[in-house]
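If you want the building blocks of each chain, they are given just below.
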Amino acid sequence: MRNKIFLYLFIFAALFILFQFMNAKKAKESYDAKIENLKTKITTKEATIDSLTSANMDLTYFTLESNEDAVSYFEEMGYDASKLALTISDQIIGQNKAGEDNPLIPFVGMEGNMNINKVRLLNHKWIIADFTDGVYWGELFIIYEVKEDGVIDFEVEKSFLYPRN
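Below is a summary of the structure that appears in this document. None of the values given here were measured: they were computed from a predicted structure.

## What about the side chain of Ser-89?
Summarising the element assignment, Ser-89 is placed in helix α3 (residues 81–93). Overall, the relative accessible area of 15% leaves Ser-89 in the buried class. In contact with Ser-89, other than residues within four places in its own chain, are Val-119 and Leu-121.

## Looking at the packing of aromatic side chains
Throughout the structure, instances matching the rule amount to 7 aromatic pairs. Among the aromatic residues, ring-to-ring pairing joins Tyr-73, Phe-74 and Tyr-144 into one connected group.

## A closer look at α3
Given a rise of 1.5 Å per residue, 13 residues ought to cover 18 Å, and the 18 Å separating the end C-alpha atoms of α3 matches this to within 8%. Those residues of α3 that fall on the buried side of the exposure criterion are Ala-81, Leu-84, Ala-85, Ile-88, Ser-89 and Ile-92. Seen along its axis, α3 keeps its buried residues to an arc of 135°; they face one direction. Those residues of α3 that are exposed and angled more than 90 degrees off the buried face are Lys-83, Leu-86 and Asp-90. Where α3 is buried, its residues touch α2 (68–76), β1 (115–121), β2 (126–132), β3 (137–146) and β4 (152–161).

## Description of the pairing of β4
Judged from the 9 bridges that link them, β3 and β4 form a sheet pairing that is antiparallel. When the sheet's bridge partners are listed, Leu-140 is paired in β4 with Ser-159. The loop that links β3 with its antiparallel partner β4 comprises 5 residues; one of these, Gly-150, has a positive phi angle of about 90°.

## Let's talk about the side chain of Asn-123
Within the fold, Asn-123 resides in the loop between β1 and β2. Here Asn-123 falls in the buried class, since its relative accessible area comes to 13%. Looking at Asn-123, its side chain comes within polar contact range of the main-chain nitrogen of Trp-126, at 2.8 Å. Apart from the residues lying within four places of it in its own chain, the contact partners of Asn-123 are Leu-64, Asn-67, Ala-70 and Tyr-144.

## Concerning the pattern of salt bridges
Under the defined criterion, the tally for this structure stands at 3 salt bridges. In this structure, Glu-36 and Lys-39 form a salt bridge, with 4.0 Å as the shortest nitrogen-oxygen distance. Pair noted here: Glu-36 and Lys-39 are both in helix α1 (residues 2–59), with a separation of 3 residues, about one helical turn. When its relative accessible area of 46% is taken as the criterion, Glu-36 is described as partly exposed.

Criteria and thresholds
Residues numbered from 1 in each chain as written. Predicted model: local features only at pLDDT ≥ 70, side-chain atom pairs only at ≥ 80, totals over all residues. Heavy atoms only, no water. Helix = DSSP H or I, 4+ residues; strand = E, 2+ residues; numbered from the N terminus. Buried < 20%, exposed > 50% of the residue type's maximum accessible area, 1.4 Å probe, protein only. Contact = heavy atoms within 4.5 Å. Phe/Tyr/Trp six-rings, centres within 6.5 Å; stacked < 30°, edge-to-face > 60°. Expected span 1.5 Å × (residues − 1). Arc of directions from axis to C-beta. Pairing = 2+ DSSP bridges. Polar contact = N/O pair within 3.5 Å; in protein donor to acceptor, adjacent residues only side chain to side chain. Salt bridge = Lys/Arg side-chain N within 4 Å of Asp/Glu carboxyl O.

Structure follows, in structure tokens:
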């Protein structure tokens with residue numbers, strides 16, 4: 001009788017160990033599949049990040065901040081390029097007045113006042129700007145010069161108004 005109990009206990013223990021082994025094997029396979037899935041996602045996300053970084057580099061190529069020669073030009077004059085860029089943008093947009101067209105825009109507003117919306121400093125001499133009256137819009141190419149006394153001169157070199165559809 002005692003041998004039968006030991007035999008039953010042995011069989012029960014062997015089945016329990018086999019069950020635990022199979023359960024652990026399935027859990028490991030599940031975890032391995034999850035790990036592989038996460039590795040694939042990481043690879044995809046890294047590729048997306050690389051692509052976005054490259055696109056960002058392309059988009060910021062023609063900006064004052066990414067042009068070391070232009071930044072050095074202003075630093076040699078004693079200016080902080082990022083602060084000066086904000087000042088220049090503020091001066092251009094600050095010429096937008098209620099009830100008046102911005103004087104830098106060589107077009108008269110047809111559906112409202114022509115105002116400059118966005119300004120991008122390309123380097124230490126050139127600016128592009130976007131303008132609109134709410135219906136019509138266009139762009140400006142502005143040449144600017146920072147004089148030694150801090151005065152900034154603006155000259156609109158080219159401009160165009162998009163045709164309305």
